[in-house]
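Residues per chain are reported as follows:
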Amino acid sequence: MTKFWKKYVLWFAQEHVDFRVAEFESIVKLFGLEFRHFSDNRLKPFWLVEFPNDETALQYASRSVALRSIIELQAHANTLPEFHQRLKTLVDTDRGALSQYFNAQSFKVTVETYNKHFTQREKVDKIEAMDYLPLQGAVNLKDPQVEWWYLEFWGLDPTDVPDAPEDIVFGRMLGQGQRHLIKQLSLKQRKFIGNTSMDAQLSLLMANQAMVKDGDLVFDPFVGTGSLLVSAAKFGGYVLGADIDFMMLHARCRPSRITQKVREKDESIRANLKQYGCAERYMDVVVADFSCPLWHKSMRFDSIITDPPYGIREATEKVENKSHGKDNTRSADMAHYPSTSHYSLQHLYTDLLQFGAKHLRLGGRLVCWLPFHREDYNEAMLPQHTHLKLVANSEQLLAGNTARRLLTYEKCTEYSDDSSPNPLPQEPGQDFRERYFNTNGSLESRQDRRMRKAAQREEGRLQMEMRGKIPCDGRAKKCDLNKARFD
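Residues numbered from 1 in each chain as written. Predicted model: local features only at pLDDT ≥ 70, side-chain atom pairs only at ≥ 80, totals over all residues. Heavy atoms only, no water.

**Brief notes about the environment of Phe 372**
Note that Phe 372 resides in strand E14 (residues 360-373). With a relative accessible area of 3%, Phe 372 lands in the buried category. As a C-alpha pair, Phe 372 and Arg 435 span 63 residues in sequence and 8.9 Å in three-dimensional space. Apart from the residues lying within four places of it in its own chain, the contact partners of Phe 372 are Tyr 377, Met 381, Glu 395, Asn 401, Thr 402, Ala 403, Arg 404, Arg 405 and Phe 432. (Helix = DSSP H or I, 4+ residues; strand = E, 2+ residues; numbered from the N terminus. Buried < 20%, exposed > 50% of the residue type's maximum accessible area, 1.4 Å probe, protein only. Contact = heavy atoms within 4.5 Å.)

As structure tokens, then:
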């Protein structure tokens, strides 16, 4: 029996364009969906794709964050005369199959363009040009029974708009994507956030690429304020996290909101999940050093989603291992506060991939960010592991000449003790942080940078005194603010 395929238009939001394909492929694999005839140009906001039926199309839309809407395609062309000819042919040949939509009690026709502005009069003209459509019901702009969409694509370059549209499509609105979750999980209204809390849209994309589903066990080894746990729990995962920063996990660090001076007593990662109705999905977070093995070898996660620290806004630290301790410096009842040392990105990603190979179930996914300087990037610098296959690699531009890539690994074979990951290739003495603060090519140590900044502050203080202004003691105010957090 031949399967009947239907054509659809996937209408995407024109942001994080490089993440669309990875999200689409992940959702299709998650649900085991069939599709064919994928659009060649993935940069366009409109993709043409074929699904077996409406249920398959809506199942994809039920998880996609990049998708704005999905439209059942009725006519598509590259020129206006060809478009109207194809639409008229459709009306003549398939009037019976479309009669339930043409004879609906109410309808609405929406005109939308990309890279071109239409006045209201021009939109009405576009609708009136399709007066041959046998629409029988009444017009209802607020709550129509059937909603028709007419879309024109006028290229991607706003400085070089063509004389005529490159693509014209018309179809019936089938459903919406999940972009409402971006506003729902917005950091602006979230209870507990920090300096590096992940944007809601990116965290949802990461959860989709990790193929989180109902009942999955999801782990974030650099959990911070738990933004990634929120998105994973929203898609049905049971979430667990760890971080070396005791102050962050217990919400005793300095507030990130400029209008907030002291953390509220009920701020926590648990409070975030409770805020979004996912409290039952929260397992726990633990204070732990990722460089030190913690979990039992039998522990298995369905997915690992994380954004490791880069050493810019949050330090990359691990507990210092001292081979020779000092004698007679501690007694048995003294509290021990371990010292920390720099945790290089090379070692961090080596440990991360090794951890994923050990503790992911077969077929589970590791989704993580890798920062880099764009002029340094090549695929050879991507960390690899014998038991992990890189299935997605998407780029997000950051400030200056920096960027980061969202890497998605899938565990393809069971772990063996004789395997190890390939570390990141870096020039000796230069990690991402050093390259970030030394873009002119001259290396500057942290101590030299502190001395230079101190000299600049002192010069500024002297200049203020010369102008008759009284400089304030910013350090004293900072210390008072830190003390207020524990009162």
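**Observations concerning the environment of Gly 194**
Turning to its location among the elements, Gly 194 is positioned in the loop between helix H6 (180-184) and helix H7 (200-209). With relative accessibility at 10%, the residue Gly 194 sits in the buried group. Sequence spacing of Gly 194 and Cys 253 is 59 residues, and the spatial spacing of their C-alpha atoms is 8.6 Å. The residues contacting Gly 194, other than those within four sequence positions of it, are Thr 225, Ser 256 and Arg 263.

**Notes on helix H2 (residues 54-61)**
The α-helix winds at 3.6 residues per turn, so residues separated by three or four positions along the chain end up facing the same way. Within H2, the full set of buried residues consists of Asp 54, Thr 56, Ala 57, Tyr 60 and Ala 61. The buried residues of H2 all sit within an arc of 165° when viewed along its axis, so they share a single face. Check the buried side of H2 and you find it contacts strand E1 (6-12), helix H1 (20-31), strand E2 (46-51), strand E3 (67-77) and strand E7 (167-176). Two to three positions downstream of the cap, the backbone nitrogen of Glu 55 sits 3.3 Å from a side-chain oxygen, assigning the N-cap of H2 to Asn 53. (Arc of directions from axis to C-beta. Polar contact = N/O pair within 3.5 Å; in protein donor to acceptor, adjacent residues only side chain to side chain.)

**Quick notes on the packing of H1 against H7**
It is the contact of H1 with H7, at a shortest axis distance of 8 Å, that shows an interaxial angle of 45°. For the element pair H1 / H7, the angle class is oblique. Here H1 and H7 pass one another in a crossing that is left-handed. Residues Ala 22, Glu 23, Ser 26 and Ile 27 of H1 touch H7, and the partners they reach there are Leu 205, Asn 208 and Gln 209. Its residues placed into classes, the contact of H1 with H7 shows three nonpolar, three polar and one charged. (Axes fitted to C-alpha atoms, helices over the stretch in contact; angles between N-to-C directions. Parallel < 35°, antiparallel > 145°, perpendicular 65-115°, else oblique. Left-handed = near helix turned anticlockwise from the far one by under 90°. Nonpolar A, V, L, I, M, F, W, Y, C, P; charged D, E, K, R; others polar.)

**A few points about the packing of aromatic side chains**
The relation between two aromatic rings is expressed through the spacing of the ring centres and the mutual angle of the planes. A full pass over the atoms with the stated rule returns 23 aromatic pairs. Ring centres of Phe 83 and Tyr 150 lie 5.5 Å apart, and the angle between their planes is 70°; this geometry places the pair in the edge-to-face category. One end of the pair, Phe 83, is in helix H3 (residues 80-93); the other, Tyr 150, is in strand E6 (residues 146-153), and 67 residues separate them in sequence. Taking the relative accessible area as the measure of exposure, Phe 83 reaches 0% and is therefore buried. Judged by its relative accessible area of 1%, Tyr 150 falls in the buried class. Between Phe 102 and Trp 148 the ring centres are 5.6 Å apart and the planes differ by 25°, which places this aromatic pair in the stacked class. Separated by 46 residues along the polypeptide, Phe 102 in helix H4 (residues 99-102) and Trp 148 in strand E6 bring together distant segments of the chain. (Phe/Tyr/Trp six-rings, centres within 6.5 Å; stacked < 30°, edge-to-face > 60°.)

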